[in-house]
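Examining the three-dimensional arrangement
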Amino acid sequence: MDEKVIIAKRIALEFKKGYLVNLGIGIPTMVADYIDHDQEVVLQCENGIIGIGPLSECTTELVNAGGLCATILPGGSFFDSATSFSIIRGGHVDVTVLGALEVDFDGSIASWIIPGKKVPGMGGAMDLVVGAKRVIIAMTHTNKGIPKILKKCTLPLTAFKQANLIVTEMAVIEVLEDGLHLLEVNPEYTIDQVIQATEANLIIDNVIPMKGIEQ
Amino acid sequence: MDEKVIIAKRIALEFKKGYLVNLGIGIPTMVADYIDHDQEVVLQCENGIIGIGPLSECTTELVNAGGLCATILPGGSFFDSATSFSIIRGGHVDVTVLGALEVDFDGSIASWIIPGKKVPGMGGAMDLVVGAKRVIIAMTHTNKGIPKILKKCTLPLTAFKQANLIVTEMAVIEVLEDGLHLLEVNPEYTIDQVIQATEANLIIDNVIPMKGIEQ
Amino acid sequence: MKEFIQSKDVAKYVKSGMSIMVGGFLSNGSPENLITAVLDTNVTDLTIICNDGGYEDKGVGRLISAGRVSKLIASHIGTNPAVGRLMQDNKLTVKLVPQGTLAEQIRSSGAGLGGILTPTGMNTVVAEGKQVITVQGKEYLLEEPLKADLALLGGAIADEYGNLRYRGTMRNFNPLMAMACDIVIAEVSEVVKMIDPEMVVTAHPFVDYILVGGQ
Amino acid sequence: MKEFIQSKDVAKYVKSGMSIMVGGFLSNGSPENLITAVLDTNVTDLTIICNDGGYEDKGVGRLISAGRVSKLIASHIGTNPAVGRLMQDNKLTVKLVPQGTLAEQIRSSGAGLGGILTPTGMNTVVAEGKQVITVQGKEYLLEEPLKADLALLGGAIADEYGNLRYRGTMRNFNPLMAMACDIVIAEVSEVVKMIDPEMVVTAHPFVDYILVGGQ
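These numbers were taken from a predicted model, which means no experiment stands behind them. (Residues numbered from 1 in each chain as written. Chains lettered and ligands numbered in written order. Predicted model: local features only at pLDDT ≥ 70, side-chain atom pairs only at ≥ 80, totals over all residues. Heavy atoms only, no water.)

**What to know about the overall build of chain A**
Counting secondary structure elements, chain A contains five helices and 16 strands. Each of the three principal axes of chain A carries a C-alpha extent, and together these read 50 × 40 × 30 Å. When the 215 residues of chain A are sorted by exposure, 59% land in the buried category. Within chain A, contacts between residues separated by at least 24 positions form 59% of all contacts whose residues are at least 6 apart in sequence. Accessible surface, chain A: about 8700 Å² in total, of which carbon and sulfur atoms supply 54%. (Helix = DSSP H or I, 4+ residues; strand = E, 2+ residues; numbered from the N terminus. Buried < 20%, exposed > 50% of the residue type's maximum accessible area, 1.4 Å probe, protein only. Contact = heavy atoms within 4.5 Å. Areas by Shrake-Rupley, 256 points an atom, 1.4 Å probe, with all protein chains shown as cover.)

Pasting the structure below:
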């Protein structure tokens, strides 16, 4: 299975019935494809919509946070950017799923800039990670073998101590006050391989096989 | 002519075409009856309406800032209280007309409380006098002979240095940096009578008969 | 995740000593049936946040007249004589707040902001004991965010998803309060199949319970 | 007091060195015809405030690609390679702002507030040089209000009175900008007789000129 699909499928299990969820660009967007319909999860996009649906033929009237033409589901609504970020910053989003370049031991996140190389900007990410009740980081475990889960982020931060869960193709890691807890490991890897691929210390109590990736 | 009518008629002349105007409770509300239709003045009420029209049979859906059942004119709109005060505080209201208990030499206004006696609250008045581009005070010149235009307000202030024009049944007085300028006097009174009824000093350059009260 | 409830269910969500925001402006847009439902319980010692004190026999004023309220935060109390009486008997504490400030304090809490910086109330008793912050050369009062345990909303129409829109001037504080409280109960005059996504004012994730009935 | 104008009239309201807010999110809801009209003039050295840098050949990005912009304030610039090129050549200064902060900075200026207190950006480079204010035990960044000389709005439908509503996600920053600029020009796809007062998003007092045409 594609590593991005593994991450997306696993994250979809984190949602509870009726959750309001914001999915970032990239792997996070893929999570939408694996949400169980019965969960009645509602997706919010920061450009001003609650209840965004699948992509569509271009209509110009309705795009998702990546600028792609999309649809609105029954019961959805539109609003302006100040209202949208009131929802985000005000703690009304139950979960946000975002990509990252680096995450560290503290749950600090770096995702918006590689100085001198790539400066896309933070968009809505800084508000999302500060405001959402739960922040899930969706990313590949390493960048071509170089660990992205670090003792300390090296790139400029998106936010300090905000990540709650890290989901990679190798593992599920929870960020708690005392550090990073390794919860689940993809059966294709050993715990040792995960430790090798992670710069930060991992607290290992009771590791189970990664959920949601059976078939 | 009733002194309140004199005040209301005179103030109606202060509006320019297309002005957005907020009228307070009491004499200010009466100003609406004397606005020339050609002026296309638009009335805003702080409870969330632009384009409020005449009073009506009670509908429960639509009240003015005094809680009385009213109507909306074509082209009007409804909005919430935060938006309403964004309009008010943000300088988008061209003129607000408000009653006052006292006004002083500086243009400071007292209108919301008589400690130990009457404590109605400030409602939207503090925002209106700070936010509107031009603040017109509509009040009787004295309280049964006791001056209300003072050297210094004695009651707790609604706002410091915010009044621009004072219109009473006796006179029209402009508040400028150097003090209170007597602009117009109701021909039923002499300039001396106005001076007698005013505690604050009046600067008297070129006084003309009060406009708008001919018939 | 909206639940349609009956009047008798309201008792589950109120308890003595809690803080409750009640929508409405001089009772226009106040939830009369929810207020009756609260009166039908024996809760007392409530902190009420509302634009005003309502009337003795109408709106939030009924809770005050019945002695259920120990603290009132409002912009205006002149229409309910019970407020003055209870204050004199030391049975009620009243905090008067400029209306625009009150609206923004509620909004800022719902939006995850640390209060507001407003020119309203500068150099008045409203400023006493508060931080003054200079921004771009102008002085502003820091007014803190305001939240509550429960919101009781009125003046609304719901759809089957739990979205709300409001009728006329009944919108006022309702949509702001919907985002600033832990539990939100809305009283609606009717339930339609689906509100146009462009017309939704309070989106369904902000509404917990809906009572059908009333104006 | 709305005036319906032609493309060629836009030249009267733009001049070199001015600040312009442009609505839209990744060009969705950006006024393409107004942007073309600005390109048809010879104005340059513009400060542009927009959610993002648009695309090289679409939205506000066209003004940037054409070298008309000396300063850009935006939350995201990753979709327009011209931005990076011009930055490297020192022909363009970019100030990156978190999207929710940008929205509230614009709103706060239109609402007459002294900026905002936000948790977003704390402990990141965004916080550098800014005041940190503690409110109710939590630290917030003070972000200053943002205004501009001119707003160019898109994504709207107008009525004959000059009221606007927006289509789908094209609302985004447009209504916020309408209240934060000295002159407001809206590009609308159609003009209807009258927008339902409940559906008006930008009320006519905030719109100065309307250009009909475009999506």
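Right, picking up where we left off after that structure.
**Looking at the nonpolar core**
Judged by nonpolar contacts, the single largest core of 80 residues is most densely connected at I137 and I166 of chain A together with I137 and I166 of chain B. In this structure I166 of chain B touches V103, I137, M139, I149, A171, V172, I173, V175 and L180 of chain B, once residues within four positions along its chain are discounted. (Core = buried A, V, L, I, M, F, W, Y, C linked by side-chain atoms within 4.5 Å.)

**Quick notes on the packing of helix α3 (residues 81-89) of chain B against helix α4 (residues 99-110) of chain C**
Two elements in contact, α3 of chain B and α4 of chain C, have axes whose closest approach is 9 Å; the angle formed by their N-to-C orientations is 130 degrees. Taken together, the axis directions place α3 of chain B and α4 of chain C in an arrangement best described as oblique. Considering the relative orientation of α3 of chain B and α4 of chain C, their crossing is left-handed. Here S81, A82, F85, S86 and R89 of chain B of α3 of chain B come into contact with α4 of chain C, specifically with Q99, G100, T101, A103, E104 and R107 of chain C. Grouping the amino acids of the contact of α3 of chain B with α4 of chain C by side-chain chemistry returns three nonpolar, five polar and three charged. (Axes fitted to C-alpha atoms, helices over the stretch in contact; angles between N-to-C directions. Parallel < 35°, antiparallel > 145°, perpendicular 65-115°, else oblique. Left-handed = near helix turned anticlockwise from the far one by under 90°. Nonpolar A, V, L, I, M, F, W, Y, C, P; charged D, E, K, R; others polar.)

**A word on helix α1 (residues 32-39) of chain D**
Residue and element names in this part refer to chain D. Among all positions of α1, only L34, I35, A37 and V38 are buried. All buried residues of α1 fall inside an arc of 155 degrees around its axis, so they share one side. Elements in contact with the buried residues of α1: β2 (19-22), β3 (46-49), α2 (61-65), β9 (148-159), β11 (181-192) and β12 (209-212). (Arc of directions from axis to C-beta.)

**What about empty space enclosed by the protein?**
Under the defined criterion, the tally for this structure stands at two cavities of 30 Å³ or more. Size it by volume and the largest cavity reaches roughly 940 Å³. Along the wall of the largest cavity there are 47 residues; nearest its centre are D80 and T83 of chain A, D80 and T83 of chain B together with R171 of chain D. If you list the elements that add at least two residues to the lining of the largest cavity, you get β4 (70-78) and α3 (81-89) of chain A, β4 (70-78) and α3 of chain B, α4 and α5 (174-178) of chain C together with α4 (99-110) and α5 (174-178) of chain D. Split into classes, the residues belonging to the lining of the largest cavity amount to 29 nonpolar, ten polar and eight charged. By volume, the second largest cavity is sized at about 60 Å³. As for the second largest cavity, its lining consists of 13 residues, of which L113, G115 and I116 of chain C together with L113 and I116 of chain D are closest to the centre. Secondary structure elements with two or more residues in the lining of the second largest cavity: α4 and β6 (116-118) of chain C together with α4 and β6 (116-118) of chain D. With three residues, α4 of chain C is the single largest residue contributor to the lining of the second largest cavity. Along the lines of polarity and charge, the residues of the lining of the second largest cavity split into six nonpolar, three polar and four charged. (1 Å grid on protein atoms, 1.4 Å probe; cavity = no way out; pocket = protein on both sides within 12 Å on 5 of 7 lines; lining within 4 Å. Points joined across faces, edges and corners; volume = space filled by probe spheres on them.)

**Overview of the side chain of D52 of chain C**
All names here are of chain C. Looking at where D52 falls in the secondary structure, it is placed in the loop between β3 (46-49) and α2 (61-65). Nearest to the buried, unbridged D52 among oppositely charged side chains is K58, at 10 Å. Polar side-chain contacts of D52 include one of 2.6 Å to the backbone nitrogen of L26. Within the structure, D52 has its side chain in polar contact with the side chain of N51 (distance 2.7 Å). Other than its neighbours up to four places away in sequence, D52 contacts G24, F25, L26, S27, V60, A74 and H76. (Lys, Arg positive; Asp, Glu negative; His and termini not counted. Salt bridge = Lys/Arg side-chain N within 4 Å of Asp/Glu carboxyl O. Polar contact = N/O pair within 3.5 Å; in protein donor to acceptor, adjacent residues only side chain to side chain.)

**Observations concerning the interface of chain A and chain D**
Counting residues at the interface gives 35 residues for chain A, matched by 35 residues for chain D. The junction of chain A with chain D conceals about 2700 Å² of combined surface from both sides, 62% of it contributed by carbon and sulfur atoms. Among the ionic pairs, E61 of chain A bridges to R167 of chain D, the shortest N-O distance being 3.0 Å. At the junction of chain A with chain D, the criterion picks out 14 residue pairs in polar contact (both at pLDDT 80 or more). Counting residues per element, the side of chain A that touches chain D draws most heavily on α3 of chain A, at five residues. Residues belonging to the side of chain A that touches chain D are distributed by class as follows: 18 nonpolar, twelve polar and five charged. (Buried area = accessible area lost by both parts, 1.4 Å probe.)

**Topic: the interface of chain D and chain C**
Interfaces are often sized by the amount of accessible area the parts lose when they come together. Facing the 27 residues of chain D at the interface are 27 residues of chain C. Buried area between chain D and chain C, both sides added, is near 2100 Å², and the carbon and sulfur share of it is 48%. Broken down residue by residue, the surface that chain D buries against chain C is led by L113, L117 and E198 of chain D, which jointly contribute 26%. Counting the contacts that link chain D with chain C gives four salt bridges.

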